[in-house]
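Report on the structure
What follows is each chain in one-letter form.
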Amino acid sequence: MRLPYHAFIGAMILPSVATAHHGIANFDHNKDVDLTGIITDVALINPHSWLYIDVANEDGTVTQWRCEMRAATVLRRSGWSADLFPIGTRVHVSASPERTIPNTCYLNTAILEGGTQLERYGQISQAEPLPAAPRAARLPSGVPNLGGDWAAEQVVMTDPTGKSGALLPLDIVQSLEPGELPPGAMPFPGSRGTPESLVEGAVERQGFANFPEPVTPTEYGRRMSAEFDDTTLVDRMLSCQPDNILFDLSFEGHVNRFVQTDDEIRITYGFMDIERTIYLNMDEHPADIEPSFAGHSIGRREGDVLVVDTIGFTPGRIARTSDLMYGEGFHVVERFILNPETTILVREYVAEDPEYFLGQLTGGDILKPGDIPYAPYNCDDRTIE
């Protein structure tokens, strides 16, 4: 199966849209809070960065506030750095308050001392961007060179402050008016004015039913999903758990690293530090595979296309926004196609697990050379401190 370009765009958007803000429903985007205070700390970390400020009250006391920002990786891809927030300087923040945790907010806009204004999804031009490292199109053996750092297009809100609008790839958003919803796009659940945002006491999974399930479960799959656990979405993020090798390659535009030799390709995902090895010198999977999150992958060449067959998974979820599962019979076939002229790496995938779901789970990604180097994810969720 070969998907057209627009199909890849759709496949790339859905998992990113559905998972980009695991805690958006915990913030009341129909309310505004304005804070002026002194910066005491900034933590550029994954899955969310945080700005800490001391706000003076009229009675002379000081309240410590913290405001959530985007993940460190995507902020760096947008040109942000900790140097933008000098400790001890004054800042004015416009934000949305957290529903249940006091003195916690979702940063929409920050006006720094000196007048510089930063919006949540703002793109800052770097004065001297690092030049792309030279890379050979092929290895000495003649096979395409997949080695290097690869990332999907950034996904941002059409409203740069993050209050409303849809989550779409950056190159699409740059052609739209702020907050515009192009045909076929829907506002992100939990953002300002959406039905989910108006529900009293919205929680993590509020609004996720708006996203279509990627596959239909069997009766057994539905029963196993119900029995799997009752872990909420936020608990999974707090425990720094990944989703699976399919959806996580493009998650939030984190930068992935591929290291290729004649015998194997090692992939370290930029999200949750997932590690997997594709063995290129094996024709069959071993009979005694120990089930794991990444499974066991063997690769073969069809001309310049790398075809990867993976089995041996521990049970997991199809997507972060879904309770649907796959089991130990999950079978994934990926096709990696590198265009040496455009330096675009396309991945197509087809997955099956007849015991758990009907038909095939299909999708794909479009990856480009990373505009920042790969760095370990080092998950440090401070949603609850």
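Here the residue numbers are simple positions, counted from 1 along each chain's written sequence. A pLDDT threshold of at least 70 governs which residues receive local features in this predicted model, and a stricter bar of 80 or more applies before side-chain atom pairs are shown or counted, although totals over entire chains, interfaces and linings include all residues. For side-chain calculations, the full set of non-hydrogen atoms in the structure is used, while hydrogens and water are omitted.

Only runs of H or I of at least four residues qualify as helices and only runs of E of at least two qualify as strands under DSSP, and these elements are numbered from the N terminus. Here Thr 158 is to be found in the loop between strand 8 (155–157) and strand 9 (167–169). Accessible area is worked out with a 1.4 Å probe on protein chains only. A residue is then buried under 20% of its type maximum, exposed over 50%, and partly exposed in between. The exposure class of Thr 158 is buried, given its relative accessible area of 4%. A sequence separation of 10 residues divides Thr 158 from Leu 168, and the C-alpha atoms of the two residues are 7.1 Å apart. For Thr 158, the residues in contact, after removing those within four places along its chain, are Gly 165, Ala 166, Leu 168, Val 173, Leu 176, Glu 177, Pro 178, Gly 179 and Glu 180. Definition of a polar contact: a pair of N or O atoms within 3.5 Å, with one able to donate and the other able to accept a hydrogen when the atoms are protein atoms, and with sequence-neighbouring residues admitted only if both atoms are side-chain atoms. Here Glu 180 takes part through its backbone oxygen, which lies 3.2 Å from a polar atom of the side chain of Thr 158. Contacts were defined at the residue level, with two residues in contact if any of their heavy atoms lie within 4.5 Å.

Okay, the pattern of salt bridges next. Opposite charge on two side chains makes pairing possible when the charged atoms of those side chains draw close. In the sections that follow, a salt bridge refers to a side-chain nitrogen of Lys or Arg positioned within 4 Å of a carboxyl oxygen of Asp or Glu. Throughout the structure, instances matching the rule amount to 16 salt bridges. Across the salt bridge formed by Arg 276 and Glu 334, the nearest N and O atoms sit 2.8 Å from each other. A residue pair is termed long-range when its members are at least 10 positions apart, and Arg 276 in strand 13 (residues 275–279) and Glu 334 in strand 18 (residues 331–339) qualify at 58 residues. Assessed through its relative accessible area of 4%, Arg 276 is described here as buried.

Aromatic contacts are taken between Phe, Tyr and Trp rings whose centres are within 6.5 Å, Trp giving its six-membered ring; a plane angle under 30 degrees counts as stacked, one over 60 as edge-to-face, and the others as tilted. By the definition in use, this model includes 10 aromatic pairs. Measuring from ring centre to ring centre gives 5.4 Å for Tyr 220 and Tyr 356, while their planes differ by 80°; the resulting arrangement is edge-to-face. Placement of the pair is Tyr 220 in helix 4 (residues 219–228) and Tyr 356 in the loop between strand 19 (344–352) and strand 20 (357–358), with a sequence separation of 136 residues. The partly exposed category is assigned to Tyr 220, whose relative accessible area is 28%. Under the relative-accessibility criterion, Tyr 356 is labelled buried at 5%. On the numbers, 6.3 Å between centres and 75° between planes, the contact of Phe 258 with Phe 336 is edge-to-face. Within this pair, whereas Phe 258 is found in strand 11 (residues 256–260), its partner Phe 336 is found in strand 18, the two being separated by 78 residues in sequence.

Disulfide: a pair of cysteine sulfur atoms within 2.5 Å of each other. Applying the stated criterion to the full structure yields 2 disulfides. At a sulfur-sulfur separation of 1.8 Å, the disulfide partner of Cys 67 is Cys 105. One end of the pair, Cys 67, is in strand 3 (residues 62–69); the other, Cys 105, is in strand 5 (residues 104–112), and 38 residues separate them in sequence. With a sulfur-sulfur separation of 2.1 Å, Cys 240 is cross-linked through a disulfide to Cys 379. A torsion of -75° about the S-S bond marks the disulfide between Cys 240 and Cys 379 as left-handed. Here Cys 379 lies in the segment after strand 21 (361–369) and Cys 240 lies in the loop between helix 5 (233–238) and strand 11, a separation of 139 residues in the sequence. In this structure Cys 240 comes out as partly exposed when scored by relative accessible area, which is 24%. What makes Cys 379 partly exposed here is its relative accessible area of 22%. In the chain, the cysteines engaged in disulfides, taken in order along the sequence, are linked 1-2, 3-4.

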